[in-house]
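Listed below, chain by chain, are the residues.
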Amino acid sequence: NGKVAAAEAPAAASATQPAGVATDAHIKPAEDRHCTDIFFLILYFIGWIVFLIVTLVGVADGIPSKLFKPRDYQGAYCGVSENWNNGPDHSDYPSQAYTMNVSASVDSVAKQLMCSEATSTVLMGASSPLNAAQQENYACACCLTPCASCVSSYDFGKGGDITDENVLSSTVTQKMSSLTLFTDDGVSLFNPASAMGDFGTSIWNQATQYFYKACVKDCKTDYSALTPTGADSRDYIYKPSADNPLRIPWDLLYKSNDAAVGKITNVLRNEFKFKALPKSLCPYNEAYCVPFPGVTFSKLPGDYCGFELTGKVKDAVGEIATSALKSLGGESFSNMADESFGTMMGDFEKSIDSFIITALLSFVIGLVFLIILRFSIGFCVWMAILLTFVLFLVGGGIAFVRSGQCEGAGLFDSGQQVAVAVTVAGSSAVKNAVSGITHSEAMKENGDGTDYRGVQERTRSGRKCKAWSLAGPKYWPGLKDSAHLEENFCRNPIIAGSTNKAPTIWCFTEDPSTKWELCSPIGVILPECANGYAVAGESSRTALKVFAGLMWAFAGIWIMLIVCCCTKIRLAIGLNKVAAEFLSHKPYVVLVPITQALMGVIWSLLWALSACFLLSQVPDGYVPKEAFATYAEAYGTADDPGKCTNSAP
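Analysis parameters
- What you see as residue numbers is a count from 1 along each chain, following the sequence as written.
- The predicted nature of this model means local features are confined to residues of pLDDT at least 70 and side-chain atom pairs, given and counted, to a pLDDT of 80 or more, with totals for whole chains, interfaces and linings taken over all residues.
- Hydrogens and waters are ignored; side-chain quantities use all the structure's heavy atoms.
- Whenever a pair of cysteine sulfur atoms sits within 2.5 Å, that pair is classed as a disulfide.
- Secondary structure follows DSSP: runs of H or I at least 4 residues long count as helices, runs of E at least 2 residues long count as strands, and numbering of each begins at the N terminus.
- A simple rule labels every residue: compare its accessible area, found with a 1.4 Å probe on the protein chains alone, to the largest value its type can have, and call it buried under 20%, exposed over 50%, or partly exposed in between.
- Helix axes use the C-alpha atoms of the stretch in contact, all axes being lines fitted to C-alpha atoms, and the angles between their N-to-C directions lie in the range 0 to 180 degrees.
- Here is the rule for angles: anything less than 35 degrees is roughly parallel, anything more than 145 is roughly antiparallel, 65 through 115 is roughly perpendicular, and the remaining ranges are oblique.
- Two helices cross in a left-handed way if the nearer one is turned anticlockwise from the farther one by less than a right angle. They cross in a right-handed way if the turn is clockwise.
- Contact between two residues is taken to exist if any of their heavy atoms lie within 4.5 Å; hydrogens are not considered.
- Following the grouping adopted for this structure description, the nonpolar residues are Ala, Val, Leu, Ile, Met, Phe, Trp, Tyr, Cys and Pro, the charged ones are Asp, Glu, Lys and Arg, and the polar ones are all others, Gly among them.
- In protein, a polar contact means a hydrogen-donor-capable atom and an acceptor-capable atom, both N or O and within 3.5 Å, with residues adjacent in sequence counting only if both atoms are side-chain atoms; elsewhere, any N or O pair within 3.5 Å suffices.
- Between any two strands, at least two bridges found by DSSP are needed for them to pair.

Undergrad: Tell me about the state of the cysteines, and name the residues and values.
TA: This structure, assessed with the given rule, holds 8 disulfides. The side chain of cysteine 78 participates in a disulfide bridge whose partner is cysteine 215; the two sulfur atoms lie 1.9 Å from each other. Every disulfide takes its handedness from the sign of the S-S torsion; for cysteine 78 and cysteine 215 that torsion is -80 degrees, giving left-handed. A residue pair is termed long-range when its members are at least 10 positions apart, and cysteine 78 in the loop between helix 2 (38-61) and strand 1 (95-100) and cysteine 215 in strand 2 (residues 211-216) qualify at 137 residues. Residue cysteine 78 shares its accessibility class with cysteine 215, and that shared class is buried. Residue cysteine 140 pairs covalently with cysteine 147 via a disulfide, S to S 2.1 Å. Judged by the sign of its S-S torsion, about 90 degrees, the cystine formed by cysteine 140 and cysteine 147 is right-handed. Judged by its relative accessible area of 16%, cysteine 140 falls in the buried class. Cysteine cysteine 564 is unpaired, with the sulfur of cysteine 565 as its nearest cysteine sulfur at 6.2 Å. Of the residues examined, cysteine 564 reaches a relative accessible area of 66% and is grouped as exposed.

Undergrad: Can you tell me about the packing of helix 7 (residues 165-180) against helix 11 (residues 262-270), naming the residues and giving the values?
TA: Contact geometry for helix 7 and helix 11: axes closest at 9 Å, N-to-C directions at 10 degrees. Considered as vectors, helix 7 and helix 11 are oriented roughly parallel to each other. Here helix 7 runs over helix 11; the crossing is left-handed. The residues of helix 11 that touch helix 7, namely those facing Glu165, Asn166, Leu168, Ser169, Val172 and Thr173, are Gly262, Lys263, Ile264 and Val267. Of the residues contributing to the contact of helix 7 with helix 11, the split by class is 4 nonpolar, 4 polar and 2 charged.

Undergrad: How would you summarise the side chain of threonine 265 if you had to cite specific residues and measurements?
TA: Structurally, threonine 265 can be placed in helix 11. A polar atom in the side chain of threonine 265 sits 2.8 Å from the backbone oxygen of leucine 253.

Undergrad: Report on the pairing of strand 6 (residues 304-309), specifying residues and quantitative values.
TA: Across the 6 residues of strand 6, 5 count as buried, placing the element largely inside the fold. Pairing geometry for strand 5 (residues 295-300) and strand 6, over 6 bridges, is antiparallel. When the sheet's bridge partners are listed, threonine 296 is paired in strand 6 with glutamate 308. Hairpin connection from strand 5 to strand 6: 3 residues lie between these consecutive antiparallel strands, with glycine 302 at a positive phi of about 80 degrees.

Have a look at this one:
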């Protein structure tokens, strides 16, 4: 039958082909086929042999648990007796929980106490215990006057800038009671109506700022251990760090016997004392063992502890808010994690079961997707085209904002400043076009703005400026009479006798929560950053701007391509619909991806097992153990690696 079919094939072909068109009657599998891949098979087997040898070496020295064991704030492994460089013995402390970062948690309260008018009047007055230089440093530390380290006056939160000593001491005492007392299980800290305002509910998206990672016995926070007797009793007394400009006035007030500041002194001495967990539960200095009121923990896989709230706090804020706060806290630490190939493999090692289930579910979902694709291919394609255009625009915008982001400023805040600058520039252009009057926004490049005579009346965050004719703070006598302070336009006046000077133009604002804030001339979209940029290096920032321009150019090109190729896109959609229907006519084809998926899962598991052993072996002496004089010497700079970072991996 095969010979007959082969003999009939030319005749059938010639009957259906136009005259003069050649046909090939021998289109069939080659009968003399033989192997031509011997060389590549040899290379393949050699690769496998090398892979097995390297894996065996890794099995001999590697400890995969290092890839997923939790670590504390100083990098020591929890549950490990011998940590790197003769580190602490944490064999009795296997779980990673979180304790309060006292400095960050009390920062706003301490500044309200030290910088409110009730205190600043004394410290900036004629009988101040501070000398002239210390007063200058204090005024700058509190942002009482514009200076290089400030962009606006402080927002003290609930209670604001307090002028009366009695009210100030009472307010600070109430706030500190929420942080230091555990009698109500933290309810007052999480109650927006309390003295702390929304502090307890607003810290969670910045949890890394307010919590330390600590190795502990288990994930239970035993508040009853805060009142031990004898040798286990531990207290931590807060004071600003030695390099904090507020440390000198803090110490002077702490030791003062002056009746004029007696109540402030009593607050400093009595309200900034914290109870710390005993060393049997927390093996660190007491500064790192202060529990956070209202916060407990639940056991998570891998000896990690997850955030929980006490029962009373849950009742006060509700289940929905509780879930949201816990989620934000966990995400904050997840985003902070120093992700490397090793940590990724550790995560994979802990979740192999999830990987297998996910692989199988992905295959099932893929099959379902093919079926749904028949009915939704058009919507999916056009939506993908639209989202690609949006991503080009958004990506360019983020890169542009990032290129001018100042050190310490958030990306969202920088984006808001750019939006404000663009809006103000646009509205000003419209006003000038209507009135026919153009105002000069000239300012010396890299200058401090003392020569600026423009008409900017909005701060960088968009706040409306207050007229200079209105009275300023009483320790700025005669400021409203200074020259060139016109209407409510931003300026940079120099206060007589003061060494503090703003880095650029500024103004008083109409917002009671922000007394003053820096401005940018109209038309300046990305202002200069006096304290440096988040992206170090002018070349890197220029590259970001170029990238932003390319993204916006690609967005325009993308739209033009879509318009030109619209017909072909519709044709491609039709072809995909036909391909989706093919599966219903040839169901046995499903066996091919099933086999491929199974082999892929097995190979991934074997490769991951080998990688876990290889990545977890670190020879002794690979990383230097000695101390270094500077951070730059140890970690390196933007251009040169340090002694601890000059090798890979």
